[in-house]
Amino acid sequence: DANINLSVAQLRAVPGWHLSMMNDAERNEAYVAALTAAVTKETDVLEIGTGSGLLAMIAARLGARQVVTCEAVSLIAETARKIVAANGLQSSIKVVPKISTDLAVGADLPRRANVLVSEILASELLGEGVLASIEDAKRRLLEPGAKIIPASGSVVFALFGGEAIRKNIMVDEVLGFDLSAFNAIASPKRYINRHDLDPGLLTNTAEAFAFDFTRRDYFPPESRTMRVPIAAAGRCYGVAQWIRLRLDDKVTFENHPSMKTPATSWQTCFYRFPKPVDVRLGQAAMVRAAHNRTAVWFFFEGLEN
């Protein structure tokens, strides 16, 4: 009983995606490249979302003057402090067990930072409160013109088909039984991290929303309808959505569904349409995308010839 209760508590406090995120080699290399270009001996770094302390330690190893990193989960913050000390970087990195909106310059930070780095990005980009955190940091915790890593993030998508993905997002007949009524009570939004499955994209990549963290100070909710030309004929089941990050002017990271990644915390999000739609070349799908600052959704609004 004690072991079961401990495991439940650990999963609630420390979600398992932390481990695959730390081992995401392509993500790590993108952050190393961006931090290498940004950090000098005059750099004061603020990191939002400590996790293991990896990004903070990269900045310290690159020679940053000061690194302050904050973490809302006290267990994670204390563990990160131990990791930082075990790597001999405790004199360069201050781990603060607070949410970033509770930080104060003069108390938690010696001065406003000139580089902000974070990876509080969900598979749909917005799920971990990244917009509110960056807005607050720019108002109170950063110097004017501070570098922000990533500099921008986009929600990108394509329509998809294919039998393999269909079996993961809907049900119809199984062993001669019609189970399709179950689709009505199952969420049409599903995260799937199966790199062995071909999503069968039926359109080219389109951008639903772009968030320029460097140039913009506020990000209101948005809704927009887009005309997306069909690039391959087939039966369309919905929208496949992933993220694209511009770490700086030279470094871009994108977890395209076709990528075969051994370890990653970011999954492809599939939004199932109410009913499958047969599409052909020469048509265009009308797709409405909406976000409320913390979540994204897609809606099918019809086909145009």
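Details of the structure are given in the entry above.
Residues numbered from 1 in each chain as written. Predicted model: local features only at pLDDT ≥ 70, side-chain atom pairs only at ≥ 80, totals over all residues. Heavy atoms only, no water.

Undergrad: I keep staring at the pairing of strand β4 (residues 113-118) and nothing clicks. Help me out?
TA: Walk down a regular strand and you will see the side chains alternate between the two sheet faces. Counted residue by residue, β4 has 6 buried out of 6 residues, so it is predominantly covered. The pairing of strand β1 (residues 44-48) with β4 spans 4 bridges and is classified as parallel. Residue pairing across strands places leucine 46 opposite leucine 116, the latter belonging to β4. Note: β4 against strand β5 (residues 142-149), 4 bridges, orientation parallel. What sits directly across from leucine 116, in β5, is isoleucine 148. (Buried < 20%, exposed > 50% of the residue type's maximum accessible area, 1.4 Å probe, protein only. Helix = DSSP H or I, 4+ residues; strand = E, 2+ residues; numbered from the N terminus. Pairing = 2+ DSSP bridges.)

Undergrad: I'm lost on the packing of helix α3 (residues 25-38) against helix α4 (residues 54-61) in this one. Help?
TA: Angle between the axes and distance between the axes are the two parameters that describe a pair of packed helices. α4 packs onto α3 with a crossing angle of 35 degrees between their chain directions and a minimal axis gap of 10 Å. Our pair here, α3 against α4, has a crossing hand that is right-handed. Contacts from Arg27, Asn28, Tyr31, Val32 and Leu35 in α3 reach Leu54, Leu55, Ile58 and Ala59 in α4. Taken together, the residues of the contact of α3 with α4 break down into 7 nonpolar, 1 polar and 1 charged. (Axes fitted to C-alpha atoms, helices over the stretch in contact; angles between N-to-C directions. Left-handed = near helix turned anticlockwise from the far one by under 90°. Contact = heavy atoms within 4.5 Å. Nonpolar A, V, L, I, M, F, W, Y, C, P; charged D, E, K, R; others polar.)

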